[in-house]
Amino acid sequence: MLQTIRNNSQSIIAKVIVGLIAVTFALFGVESLVSLTSGSNAPATVNGEEISERQLLQGVELQRRQLLNQMGENADPTLLDDNVISKMVLDGLIEQAVLTQAADSQGMIFSDRMIDQLLVSTPSFQVDGKFDRAQFEAVLRNAGLTPMMYRDLVRKEKLVEQMRTGYLLSAFALESELSNVVALDQQTRDLSYFTLDSDKVAAEIQVSDDEARGFYDANRGNYKTEEQVVVEYLLLDKVKMLDEVDVSDDEIQQQYQALLENFEGQEERQASHILIEISDERSADDAEAKAKELAQRIAAGEDFAELAKAESDDPGSAENGGDLGFNAKGLFVPEFEDALFAMEKGQVSEPVLTDFGYHIIKLVDIQATEPPSFEEAQNEIKYDLLREKAEGVYVERLERLADLSFSSGDLIEPSEALGMEIMTSEPFSRLGGNDDVTGSNRVVATAFSEELLKEGVNSTPIELDASRSVVVRVKEHKQPREQGYDEVAEEVKAQLLNERIAKALDEKVADILAALNAGETLASQAGDSEVKTLETVNRSQRELPPEVLQQAFKVPHPAEGQMSYASAALGDGGRAIIAISGVEQGSAESMSDDERKAMQSVLGSRTGQYDYQDLVAELNAGAEVERL
């Protein structure tokens, strides 16, 4: 039916119908369109505070970039579900708003100065150990952030971090809690064990063809092939189009001249400073007097860097002699910036008052960015022009591919019109295939859609990544079918054999445990298996199979002069019989004071973490959240 619609969509009647629909919307849809512009379009509000659509879009884009970066060079954008990402980001923004509001209500702050210090000391924003404005902006640009967006994110994250840290640092553990934890954590056990080998049991079990066939007949519904499809497809690859375009020397020269015309050289100044902070312990007058004293000492010949290390209240720069690196206008507060850009190279300022305190500023150096030479820029310009032209060809062909695929009953017409090869996939299931095309989630979802399976139409172009798109068509649909016994005979025999081995081992384990609990010794039940004995085994013992170690610490304490017994299933299908002969509790008394303090700190932090989680749950439950 859909294919018939597609074939008729090119007719005059179809175009008239589309025209009438357009007129109808034009006449009666205006009110609806206008109403969309009124009121709030916020996707959510939290206690009356809006989370804007812009915040959500920025968050989704940032999350997509982060996920693609984590996926590496072969990142597949089609693996990312925008609806899932959008929901996840919105949930995160709602919780962040709840927690930020709670932190604000408790009077917590993270000032602009603290943000500045954090930025300057962040290694990702530094070049040769010093803050670099260009590096800072490049890192944010790659993450899809502006400086103002990043500062706002930092402020909110640090406010929430303050609140969380408050809970972690204020929690504590009692001595009794420490004793109980140490008693369990440092507990040791004396044990013996032996193993029952599944291979030895398997050697005693036979599965005949008649038994396997009978098992198959009773369970034949479990032996079916997977539903599969074979698709034909046309692959449009932008990279291949780079060979179809060319760039002349004149075009490169013109682009370079445009670069020169639009290039804006920016002056950057390398500053060092000494900060004398105004605080509860130091008044404004005292800070000013201290700053003037330091300025006089510098004027008298003392080394600026040494004084900065000894006297500056800015921990982010003091260790580097007060050096703030090269920076352009726009980073520092106005009072600082005005003084800095009014100075001569090598000059030291008088004390400058800002919200942070009094600064003594030294202008170390001045540099201006220069445009690249033609030799430096030509290769990058050429590649950019080639990519731009290839992008144009790609977009044009993608549009033609979409139109031709929609109106064609198969892939032959678009293949011939665009000179593309029709390729055929190997059969693949709903779990996807092993190549880039059939391994794409979007391709798989499209190939198994009702439209393609039942209508036999071509798909719309599906984006594989930023440079490749594909149109698919189902060539063959293989329904699940019941497999014959001959096809699955070996699988049936293996399954039946494993079930019988497990049953035989469990019966043998039950008999052994019964005998041990009746008074028999471990050695008498081990047969030709080796009995291994270990004393003072702790929870981190590596000499034991992990299944044995885990089960050994679950066994009840044995009574005086007796043993406790248990069994464990091993990873290779075998079983282990375990005997516990003694248990020694750990003691906090054997710990040093430093060890006790460290353990109490860990326990306190864990308690604080649980308290904080309860707080978050309570805040989220009590918040008035409205979603669109």
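Use the structure listed above.
Residues numbered from 1 in each chain as written. Predicted model: local features only at pLDDT ≥ 70, side-chain atom pairs only at ≥ 80, totals over all residues. Heavy atoms only, no water.

Let us look at the sheet that holds strand β6 (residues 228-237). An order of β11-β6-β13-β12 is seen for the four strands of this open sheet, with the pairing classed as antiparallel. Whereas interior strands pair on both sides, the edge strands pair on one side only; in this sheet they are β11 (423-424) and β12 (462-465). Sheet analysis places β6 next to strand β13 (residues 468-478), joined by 10 bridges and oriented antiparallel. Counted as the bridge partner of glutamine 228 is lysine 478 from β13. Seen against the sheet, helix α17 (residues 374-407) touches β6 and β13 and runs at an angle of roughly 145 degrees to β6. (Pairing = 2+ DSSP bridges. Helix = DSSP H or I, 4+ residues; strand = E, 2+ residues; numbered from the N terminus. Contact = heavy atoms within 4.5 Å. Axes fitted to C-alpha atoms, helices over the stretch in contact; angles between N-to-C directions.)

Mapping aspartate 250 onto the fold places it in helix α12 (residues 249-262). Expressed as a C-alpha distance, the spacing of aspartate 250 and glutamate 589, which sit 339 residues apart in the sequence, is 84 Å.

The subject of this paragraph is the sheet that holds strand β7 (residues 267-277). Overall, antiparallel pairing links the four strands, which are arranged β8-β7-β10-β9 in an open sheet. The open sheet has two free edges, formed respectively by β8 (323-327) and β9 (352-354), since each of these has just one partner strand. When the angles between neighbouring strand axes are averaged without regard to direction, this sheet yields 40 degrees. By the bridge criterion, three bridges tie β7 to β8 in an arrangement that is antiparallel. By the bridge assignment for β8, serine 272 is matched with aspartate 323.

Let us now look at the pattern of salt bridges. Here the structure, examined in full by the defined rule, presents 31 salt bridges. With a closest N to O distance of 3.0 Å, lysine 454 and glutamate 450 form a salt bridge. Placement of both lysine 454 and glutamate 450 in helix α20 (residues 450-455) is noted, with a separation of four residues, approximately one turn of the helix. According to the relative accessible area criterion, lysine 454 is exposed, its value standing at 67%. Of the charged contacts, one joins aspartate 506 and arginine 575 as a salt bridge, the two residues approaching to 3.1 Å between their closest N and O atoms. One end of the pair, aspartate 506, is in helix α21 (residues 485-517); the other, arginine 575, is in strand β16 (residues 575-584), and 69 residues separate them in sequence. Given the relative accessible area of 40%, aspartate 506 is considered partly exposed. According to the relative accessible area criterion, arginine 575 is buried, its value standing at 12%. Taken together, the shared-partner salt bridges in this structure form one network comprising Lys87, Asp91 and Arg627. (Salt bridge = Lys/Arg side-chain N within 4 Å of Asp/Glu carboxyl O. Buried < 20%, exposed > 50% of the residue type's maximum accessible area, 1.4 Å probe, protein only.)

Turning our eyes to something else, we now look at the environment of leucine 401. One can find leucine 401 in helix α17. Assessed through its relative accessible area of 0%, leucine 401 is described here as buried. Each C-alpha atom, one on leucine 401 and one on arginine 54, is 33 Å from the other, the two residues being 347 residues apart in sequence. Sequence-distant contacts of leucine 401, defined by excluding residues within four places in its chain, comprise Leu234, Leu236, Pro414, Leu418 and Val471.

It is at 9 Å that the axes of helix α5 (residues 82-105) and helix α8 (residues 147-170) come closest, and there the two elements cross at 65 degrees. As far as their axial angle goes, α8 and α5 are roughly perpendicular. The crossing of α5 and α8 is left-handed. Judged by residue contacts, Gln96, Leu99, Thr100, Ala102, Ala103 and Asp104 of α5 engage Arg155, Lys156, Glu157, Leu159, Val160 and Met163 from α8. When the residues that make up the contact of α5 with α8 are grouped by side-chain class, the tally is six nonpolar, two polar and four charged. (Parallel < 35°, antiparallel > 145°, perpendicular 65-115°, else oblique. Left-handed = near helix turned anticlockwise from the far one by under 90°. Nonpolar A, V, L, I, M, F, W, Y, C, P; charged D, E, K, R; others polar.)

Turning to the pairing of β7, a few remarks are in order. Within β7, nine of the 11 residues are buried, which leaves the element mostly enclosed by the surrounding structure. As paired elements, β7 and strand β10 (residues 357-368) share 11 bridges and run antiparallel to each other. Bridge pairing links glutamate 277 to glycine 357 in β10.

Two descriptors summarise a pair of aromatic rings, namely the distance from one centre to the other and the angle between the planes of the rings. Applying the stated criterion across every chain yields a total of nine aromatic pairs. Ring centres 5.9 Å apart and planes at 40 degrees place the aromatic pair tyrosine 216 and tyrosine 223 in the tilted group. For the pair tyrosine 216 and tyrosine 223, one class covers both residues: buried. Centroid distance tyrosine 256 to phenylalanine 374: 5.3 Å. Interplanar angle 80 degrees. Geometry classified as edge-to-face. (Phe/Tyr/Trp six-rings, centres within 6.5 Å; stacked < 30°, edge-to-face > 60°.)

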